[in-house]
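# Summary of the model geometry
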Amino acid sequence: VCRADGSTDLLTPSVRARPDGVHVLVRSRLDEPATVNGFGIDVSPGRRSAVLSIGPGIVGVACWPYSQHRWGEPTTSALEVVDPRGLYVDPDPECDGDGFEATAVDFASPGPKGGLIPLEEARRQINGLAPDDDLIHGGYPEQPTPPVLVVRDDAVIAHISFGLWGSDWVHAGSRMCGESGLRV
C-alpha cells in the first residue's frame, strides 16, 4: 500500500512465485503517480495488479511519489520471493573478464509484441554461437515474454529479448558477455 504520506505498508512480506511470475497488487492512496521501487512499475492513485518476473530472494520495495524523486530514493521494506518448485531460470549473464555489453533497441509505434520465440528461430538470428552452445528460455516458464539465454560451459553468457513485429521475430535488446563473440 502506498500511503497518502508517501510511505509504504508491505502487507505480505513473503510471496510464492507462480509459473508466470510474481503476482502483486498495489493500492495507492497517493494523490499523484508513484514509482514502486523493486517492482519496476509506476502506479496511479487506485489499484494496480501486475505479474512480474522477479527472481527468488529479497527485494527492497518502496513507494516513491513522483514529487519526491528529486530528493533521493526512499527506504525500502524487504519482500521475500520464494520459489520452492524451482521454476525460475536466472537470466543474468555470468561474465568473466571484460563484463558485458548491453543493447536496447527502440521501435517506432506500435512496437513489437511479446511472445515465446521458437528457439530454432532465435538460433538463426544469433551469430557467433559455438557448436555446443545451448539456447533456453529464461525467467519463469509461463511468463509472457521470456528472454532467450545462451548457455556455454554451464554458464549463461547472453540474455537476448525478441518481440513480434507483425509476423516477424525481431531483436528487442540484449545483454552479452563481452568475450562471448555473439551478435544478433
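Criteria and thresholds
Residues numbered from 1 in each chain as written. Predicted model: local features only at pLDDT ≥ 70, side-chain atom pairs only at ≥ 80, totals over all residues. Heavy atoms only, no water. Buried < 20%, exposed > 50% of the residue type's maximum accessible area, 1.4 Å probe, protein only. Helix = DSSP H or I, 4+ residues; strand = E, 2+ residues; numbered from the N terminus. Pairing = 2+ DSSP bridges. Salt bridge = Lys/Arg side-chain N within 4 Å of Asp/Glu carboxyl O. Disulfide = S-S within 2.5 Å. Core = buried A, V, L, I, M, F, W, Y, C linked by side-chain atoms within 4.5 Å. Contact = heavy atoms within 4.5 Å. pLDDT = per-residue confidence, 0-100.

### Comments concerning the pairing of strand S10 (residues 148-152)
- When you tally the buried positions in S10, you get five out of five residues, the bulk of the element.
- Because side chains alternate across S10, one face comprises the buried residues Val148, Val150 and Arg152, and the other comprises Leu149 and Val151, equally buried.
- Across five bridges, the pairing between S10 and strand S11 (residues 155-165) is antiparallel. What sits directly across from Arg152, in S11, is Ala155.

### Things to note about the pattern of salt bridges
- Taken as a whole and judged by the stated rule, the model has four salt bridges.
- Between Arg3 and Asp9 there is a salt bridge, and its shortest N-O distance comes to 3.3 Å.
- The exposure class assigned to Asp9 is partly exposed, which follows from its relative accessible area of 30%.
- Here Asp92 makes a salt bridge to Arg175, at a shortest N to O gap of 3.1 Å. Separated by 83 residues along the polypeptide, Asp92 in the loop between strand S7 (77-82) and strand S8 (100-104) and Arg175 in strand S12 (residues 168-177) bring together distant segments of the chain.
- Residue Asp92 is classed as partly exposed on the basis of its relative accessible area of 37%.
- A relative accessible area of 25% places Arg175 in the partly exposed class.

### Side note on the state of the cysteines
- According to the stated counting rule, one finds two disulfides in the structure shown.
- One disulfide in the model links Cys95 with Cys177; its S-S distance is 2.2 Å. Looking down the S-S bond of the Cys95 and Cys177 bridge, the torsion is -90°, so its handedness is left-handed. Pair noted here: Cys95 is in the loop between S7 and S8 and Cys177 is in strand S12, with a separation of 82 residues, a long-range link.

### Side note on the nonpolar core
- Counting residues in hydrophobic clusters, the biggest one holds 23 residues, and the most contacted among them are Val22, Phe39, Ile41 and Val81.
- For this core, the elements supplying multiple residues, two or more each, are strand S2 (22-28), strand S3 (34-37), strand S4 (41-43), strand S5 (46-52), strand S6 (57-65) and S7.
- Dropping the residues within four chain positions of it, Val22 is found in contact with Val15, Ala17, Ala50, Val51, Leu52, Ile54, Val81 and Tyr140.
- Listed in part, the 14 residues of the second largest apolar core include Ile117, Val148, Val150 and Trp169.

### As for the confidence of the model for the chain
- Summing up the model confidence of the chain, the mean pLDDT is 91 and the portion of residues at 70 or higher is 90%.
- The element-level mean pLDDT for the chain is lowest in S8, coming to 64, with S7 highest at 98.

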